Amino acid sequence: MTSTTSQQELFRFLEDRFACAQACTECARACALRASLVDPDGTENQELVRRKGIMCAEVCDATCRVLSEQNQVDEAGIRVQVEWCRTVCLEAAHVFDRQPGAEDSAAACRACARACTDFLATLN
């Protein structure tokens, strides 16, 4: 491996890490908003939407914080956090798909899951 290749890999890693953190932030906002719009005394389906929205917002927020820390968490810890985030985002997207008016939230969740997948590809 040449030093240029190493630099290119480092740049891609940092770009994907930043893109993942940014997607997590956007997803957290969308999910928190979606959860706040649901009637707390609503139907069982609305309660599921609210719980998934809150959980996704919290996991995305935690993932963003992990990705923002410089060398505070080892690669294995980062991988576990990002994989968890991807899973929770996809689960939330599926729940939002069944909720009229939640298309933007579902799209934010899917975009975050894609960003997580892209970032995981840069890890060894």
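Residues numbered from 1 in each chain as written. Predicted model: local features only at pLDDT ≥ 70, side-chain atom pairs only at ≥ 80, totals over all residues. Heavy atoms only, no water.

- You'll find the chain entered in an unreviewed UniProt entry as Ferredoxin, with Streptomyces cahuitamycinicus given as the organism.

1. Regarding the nonpolar core
Phase 1 of the analysis: Formed by 36 residues in total, the largest nonpolar core has its most connected members in Cys56, Cys60, Cys89, Cys109 and Cys112.
Phase 2 of the analysis: The set of elements that each furnish at least two residues to this core consists of helix H1 (3-37), helix H2 (44-68), helix H3 (75-97) and helix H4 (103-122).
Phase 3 of the analysis: A per-element tally of this core places H3 first, with nine residues.
Phase 4 of the analysis: The contacts of cysteine 56, once residues within four sequence positions are left out, are Cys27, Cys31, Val88, Cys89, Ala92 and Cys109. (Core = buried A, V, L, I, M, F, W, Y, C linked by side-chain atoms within 4.5 Å. Buried < 20%, exposed > 50% of the residue type's maximum accessible area, 1.4 Å probe, protein only. Helix = DSSP H or I, 4+ residues; strand = E, 2+ residues; numbered from the N terminus. Contact = heavy atoms within 4.5 Å.)

2. Re the packing of aromatic side chains
Phase 1 of the analysis: The full count for this structure, using the stated rule, is one aromatic pair.
Phase 2 of the analysis: Aromatic side chains phenylalanine 13 and phenylalanine 119 sit 5.5 Å apart centroid to centroid with 40° between the ring planes, which places their arrangement in the tilted category. In this pair, phenylalanine 13 is assigned in helix H1 and phenylalanine 119 in helix H4, connecting sequence segments 106 residues apart. Judged on exposure class, the residue phenylalanine 13 and its partner phenylalanine 119 are both buried. (Phe/Tyr/Trp six-rings, centres within 6.5 Å; stacked < 30°, edge-to-face > 60°.)

3. Considering H2
Phase 1 of the analysis: Between its terminal C-alpha atoms H2 stretches 36 Å, which fits the 36 Å expected from 25 residues at 1.5 Å a residue.
Phase 2 of the analysis: Those residues of H2 that fall on the buried side of the exposure criterion are Val49, Gly53, Cys56, Ala57, Val59, Cys60, Ala62, Thr63, Cys64, Val66 and Leu67. (Expected span 1.5 Å × (residues − 1).)

4. Examining H4
Phase 1 of the analysis: The terminal C-alpha atoms of H4 lie 29 Å apart, and with 20 residues this matches the ideal 28 Å at 1.5 Å per residue to within 8%.
Phase 2 of the analysis: Of all the residues in H4, the buried ones are Ser105, Ala106, Ala108, Cys109, Cys112, Ala113, Ala115, Cys116, Phe119, Leu120 and Thr122.

5. A few points about the side chain of serine 105
Phase 1 of the analysis: Note that serine 105 resides in helix H4.
Phase 2 of the analysis: The class of serine 105 is buried, set by a relative accessible area of 5%.
Phase 3 of the analysis: Leave out the neighbours within four places in its chain, and serine 105 touches Ala30, Arg34 and Phe96.

6. Here we look at the pattern of salt bridges
Phase 1 of the analysis: In total, this model carries seven salt bridges according to the counting rule given.
Phase 2 of the analysis: When the shortest N-O distance is used, the salt bridge between glutamate 47 and arginine 51 registers 3.7 Å. Placement of both glutamate 47 and arginine 51 in helix H2 is noted, with a separation of four residues, approximately one turn of the helix.
Phase 3 of the analysis: Accessibility expressed as a relative area gives 23% for glutamate 47, which makes it partly exposed.
Phase 4 of the analysis: Where glutamate 91 meets lysine 52, a salt bridge forms, and the shortest distance between an N and an O atom there is 3.2 Å. Pair noted here: glutamate 91 is in helix H3 and lysine 52 is in helix H2, with a separation of 39 residues, a long-range link.
Phase 5 of the analysis: Under the relative-accessibility criterion, glutamate 91 is labelled partly exposed at 34%.
Phase 6 of the analysis: By sharing partners, the salt bridges in this structure join Glu47, Arg50 and Arg51 into a single network. (Salt bridge = Lys/Arg side-chain N within 4 Å of Asp/Glu carboxyl O.)

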